[in-house]
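Each chain is listed here by its residues.
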Amino acid sequence: MFCEQCEQTASGDGCHQFGACGKSPQVNAVQDLLIHCLRGLAPVALQAKEEGIDTYTADVFTCEALFATMTNVNFNTRRFTSYIQQAIALRESLKEQLQRLSKKTIWPEITTFQPDFNDSLVEQGQEVALKFISQVGKDAVDIFSLKLTVLYGIKGTASYAFHAYEVGQEDEAVYRFIYQALAALDDHNLTLEEWVKLALQVGATNFRAMELLDAGHTNTFGHPIPTSVPLNPQVGKAILVSGHDIRQLNAILQQTADKGITVYTHGELLPAHGYPQLKQAYPHLYGHYGTAWQNQTRDFAKFPGAIVVTTNCLMPTHDDYNDKLFSIGPVGYPHLTHLPAGENGIPDYTPAIEKALSLPGFMEESPAKSVTVGFAHNAVLGVADTVIDAVKQGKIRHFFLVGGCDGAKPGRTYYTEFVEQVPDDCIVLTLACGKFRFFDQDLGQIEGLPRLMDVGQCNDAYSAIQIAIALANAFEIDVNELPLSMILSWYEQKAVAILLTLLHLGIKDIRLGPTLPAFISPNVLKLLSDTYQLKPITTPAADLAACLS
Ligand code: SF4
Ligand code: SF3
């Protein structure tokens, strides 16, 4: 196998024997086969779109299937077999419709690929993966590096587009670009410059996908408001909802209303508590349980109720909690109970509800503890005058956006230490699951503004960008001239997409860690550091001093 799509990749080079995330060579091979089939679907779907044929089912399917191949989403070869079958069926259906229009098209080889479902899909996946790697020509290493950047970035974008679709927000241009990027992976004539351009277009499209998702969330659940979230459980039966999917959290809340079950968020669902319409409609949406995704083996084992995983990050499951763990949507793990999507994509959560009722739940109170969430763009810009005055009076010296993914590597203590060392006259904005390194710290206030503000999930990078743009406009300067530094942590492909968005917007001086992506070649890295001054993190003290100088 060969996979280097995440930060955890073995020896910072690539997983060759077995995934450091727990992905087996077999799962990796069927994921590669699925990507190959999606690359074959893409040119056909683009041609169909040209002819006015409805490609909607294929559009949404492509997003979900790409999402399933992201790190820590799906480890189930049977689910990938089904995705591969669907990809081929959708491709052939679109071809048939084109044929009916008497459109004579010479299809590239990849669009005629037919897996043999009676033979080993693993071996076929290994073959196509080898072919993809060996297709590198002139500027081989750098073009391959950019191809992987585009592929991994588009996986992140597709996952946000899928979430946006779920909350009723779509843009045909996003679906079209995802196909264009997939189809480009088979274009052997693109120059290095054209690949760089395409990677930045991934960033632009991801910005649009995050904007759609922001609109979907805020239209459906209201603009987040600062909200205190208990971290101490309350006595009673319980369901824990993990991942990013706020619409599915809403559905679980609906289906558990009046059942005597308390609902807790886990991981990236913590910011859901800030959405007023969700909170008001469901008093049993109570608190947050557990910390970072990489601690789930311990946290899930201890949770005395049912657990539903809606998206990444799912770690290989454990006998201690397998029977109370449920997956939905693109998520999967062998032998885990998967709740299939019903009408409108919402599963019947009865098995999870029954499991929660059969388990003891929390038996005793624990000391009160809480965090505050809900500092998205509307809330922060609502106090823009206070922020601007505090900056003008020198009471706020600098803003730090410390956000991104969490992970298991020891080097990630950098982010905790960084936040601890931020001077008292500076504000820390945070987002995504990297915040669990410091989310419960009390950093105090400046002029009534909390020094630590949780902007939201990783996709709420959109919100952070809106805040930065509004501040830059208020001061009549460029975003890069703001007293703002971005200290980012990455792990998986949503973070790759967000990084490309920031580069597309021309944001400079980003500090990235804990290590740089293995798929970025030295030449591509030089290009990014020359153009955008993108740099690796060093030490908290040195980076802080450089940001404040
Ligand atoms: Fe390795 Fe990451 Fe790929 Fe898993 S997703 S196999 S850890 S590079
Ligand atoms: Fe985290 Fe997996 Fe990336 Fe949404 S939940 S940011 S790592």
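Residues numbered from 1 in each chain as written. Chains lettered and ligands numbered in written order. Predicted model: local features only at pLDDT ≥ 70, side-chain atom pairs only at ≥ 80, totals over all residues. Heavy atoms only, no water.

1. Considering the packing of helix 2 (residues 56–68) against helix 5 (residues 140–166)
Here comes step 1: Between helix 2 and helix 5, the shortest axis-to-axis distance is 8 Å and the interhelical angle comes to 125 degrees. When the axes of helix 2 and helix 5 are compared, the pair comes out oblique. The two elements helix 2 and helix 5 cross, and the hand of that crossing is left-handed. In contact with Tyr56, Val60, Cys63, Glu64, Leu66 and Phe67 of helix 2, helix 5 contributes Ile154, Lys155, Ala158, Ser159, Ala161, Phe162, His163 and Tyr165.
Here comes step 2: Tallied by class, residues from the contact of helix 2 with helix 5 come to 10 nonpolar, 2 polar and 2 charged. (Axes fitted to C-alpha atoms, helices over the stretch in contact; angles between N-to-C directions. Helix = DSSP H or I, 4+ residues; strand = E, 2+ residues; numbered from the N terminus. Parallel < 35°, antiparallel > 145°, perpendicular 65-115°, else oblique. Left-handed = near helix turned anticlockwise from the far one by under 90°. Contact = heavy atoms within 4.5 Å. Nonpolar A, V, L, I, M, F, W, Y, C, P; charged D, E, K, R; others polar.)

2. Quick notes on the site of ligand 1
Here comes step 1: Around ligand 1 sit 13 residues in total, of which Cys3, Cys6, Cys15, Cys21 and Thr71 are the nearest.
Here comes step 2: By residue class, the composition of the shell around ligand 1 is 6 nonpolar, 5 polar and 2 charged. (Near = heavy atom within 4 Å.)

3. What to know about the packing of helix 1 (residues 25–50) against helix 3 (residues 77–100)
Here comes step 1: Where helix 1 meets helix 3, the axes come as close as 9 Å, and the angle between the chain directions of the two elements is 15 degrees. Put simply, helix 1 runs roughly parallel to helix 3. The way helix 1 lies across helix 3 gives a crossing that is left-handed.
Here comes step 2: Classifying every residue of the contact of helix 1 with helix 3 by side-chain character gives 18 nonpolar, 5 polar and 2 charged.

4. Describing the site of ligand 2
Here comes step 1: Close contacts around ligand 2 come from His244, Glu268, Trp293, Asn312, Cys313, Cys405, Ala432, Cys433, Cys458, Tyr491 and Glu492, and that covers them all.
Here comes step 2: Tallied by class, the residues present in the shell around ligand 2 amount to 7 nonpolar, 2 polar and 2 charged.
Here comes step 3: Per-domain counts for the shell around ligand 2 show at least three residues from each of domain 2 (227–358) and domain 3 (375–548). (Domains from an automatic or database assignment.)

5. Some remarks on the pattern of salt bridges
Here comes step 1: Taken as a whole, this structure holds 23 salt bridges when the rule is applied.
Here comes step 2: Notably, a salt bridge pairs Arg176 with Glu50, separated by 3.5 Å at the nearest N-O pair. A residue pair is termed long-range when its members are at least 10 positions apart, and Arg176 in helix 6 (residues 172–184) and Glu50 in helix 1 qualify at 126 residues.
Here comes step 3: Owing to a relative accessible area of 25%, Arg176 belongs among the partly exposed residues under this scheme.
Here comes step 4: Residues Arg176 and Glu172 are paired through a salt bridge, measuring 3.3 Å at the closest nitrogen-oxygen approach. Of this pair, Arg176 and Glu172 both sit in helix 6, separated by 4 residues, roughly a single helical turn.
Here comes step 5: For Glu172, a relative accessible area of 36% gives the class partly exposed. (Salt bridge = Lys/Arg side-chain N within 4 Å of Asp/Glu carboxyl O. Buried < 20%, exposed > 50% of the residue type's maximum accessible area, 1.4 Å probe, protein only.)

6. Quick notes on the sheet that holds strand 13 (residues 452–456)
Sheets are built from strands that pair by backbone hydrogen bonding, the pairs being arranged parallel or antiparallel.
Here comes step 1: Strand order across the open sheet formed by 6 strands is 13-10-9-14-15-16, with parallel pairing between neighbours. Of all strands in the sheet, those with a lone pairing partner are strand 13 and strand 16 (535–536), marking the two edges.
Here comes step 2: By the bridge criterion, 3 bridges tie strand 14 (residues 484–489) to strand 15 (residues 511–513) in an arrangement that is parallel. When the sheet's bridge partners are listed, Leu488 is paired in strand 15 with Leu512.
Here comes step 3: Lying on the sheet, helix 14 (residues 413–421) is in contact with strand 9 (398–404), strand 10 (426–431), strand 14 and strand 15; it crosses strand 14 at an angle near 155 degrees. (Pairing = 2+ DSSP bridges.)

7. Brief notes about unusual backbone geometry
Here comes step 1: Residue Cys313 is reached from Asn312 by a cis peptide bond, and omega for that bond is 10 degrees.
Here comes step 2: Mapped onto the elements of the fold, Cys313 is located in the loop between strand 5 (306–309) and strand 6 (325–327).
Here comes step 3: Pro514 follows Gly513 through a cis peptide bond whose omega is 0 degrees.
Here comes step 4: By secondary structure assignment, the location of Pro514 is in the loop between strand 15 and helix 17 (522–532).
Here comes step 5: One non-glycine residue with positive phi stands out, namely Asp258, at about 65 degrees.
Here comes step 6: Secondary-structure assignment places Asp258 in the loop between helix 8 (246–256) and strand 3 (261–265).
Here comes step 7: Within the chain, His335 stands out as a residue other than glycine whose phi angle is a positive 70 degrees.
Here comes step 8: Along the polypeptide, His335 turns up in the loop between strand 6 and strand 7 (337–338).
Here comes step 9: Residue class for His335 comes out exposed when judged on its relative accessible area of 81%.

8. Notes on the domain arrangement of the protein chain
Here comes step 1: We note that the domain assignment places domain 1 (10–219), domain 2 (227–358) and domain 3 (375–548) within the protein chain.
Here comes step 2: A separation of 29 Å is found between the C-alpha centroids of domain 1 and domain 2.
Here comes step 3: Taken residue by residue, the interface counts 20 residues in domain 1 and 20 residues in domain 2.
Here comes step 4: Between domain 1 and domain 2, the buried area comes to about 1,600 Å², and carbon and sulfur atoms account for 56% of it.
Here comes step 5: Three residues stand out in domain 1 for area buried against domain 2, namely Asn72, Phe75 and Glu166, and they jointly supply 34% of the buried area on that side.
Here comes step 6: On the surface where domain 1 and domain 2 come into contact, there are 0 salt bridges.
Here comes step 7: Taken together, the connections running from domain 1 to domain 2 amount to 9 residue pairs in polar contact (both at pLDDT 80 or more).
Here comes step 8: If you list the elements that add at least two residues to the side of domain 1 that touches domain 2, you get helix 2, helix 3, helix 5 and helix 7 (192–221).
Here comes step 9: For the side of domain 1 that touches domain 2, a count of residues per class yields 9 nonpolar, 8 polar and 3 charged. (Buried area = accessible area lost by both parts, 1.4 Å probe. Polar contact = N/O pair within 3.5 Å; in protein donor to acceptor, adjacent residues only side chain to side chain.)

9. Some words on the nonpolar core
Here comes step 1: Within the largest apolar cluster, 155 residues are counted, with the highest numbers of intra-cluster contacts made by Leu38, Ile178, Trp195, Ile396 and Ile510.
Here comes step 2: Residue contributions to this core peak at 14 residues, all from helix 1.
Here comes step 3: In this structure, Ile510 is in contact with Met486, Leu488, Leu499, Leu502, Leu503, Gln533, Leu534 and Lys535, ignoring residues within four places of it in sequence.
Here comes step 4: Counting 25 residues, the second largest nonpolar core, distinct from the first, contains Ile246, Ala251, Ile261 and Ala356. (Core = buried A, V, L, I, M, F, W, Y, C linked by side-chain atoms within 4.5 Å.)

10. Some thoughts on the sheet that holds strand 2 (residues 237–242)
Here comes step 1: If you trace the 6 strands from one edge of the open sheet to the other, you get 4-3-2-5-6-7, paired in parallel fashion. Each of the sheet's edge strands pairs with one partner strand only, and the pair in question is strand 4 (285–288) and strand 7.
Here comes step 2: Sheet strands in contact with helix 11 (residues 350–358) are strand 2, strand 3, strand 5 and strand 6, and its direction is about 135 degrees off that of strand 2.

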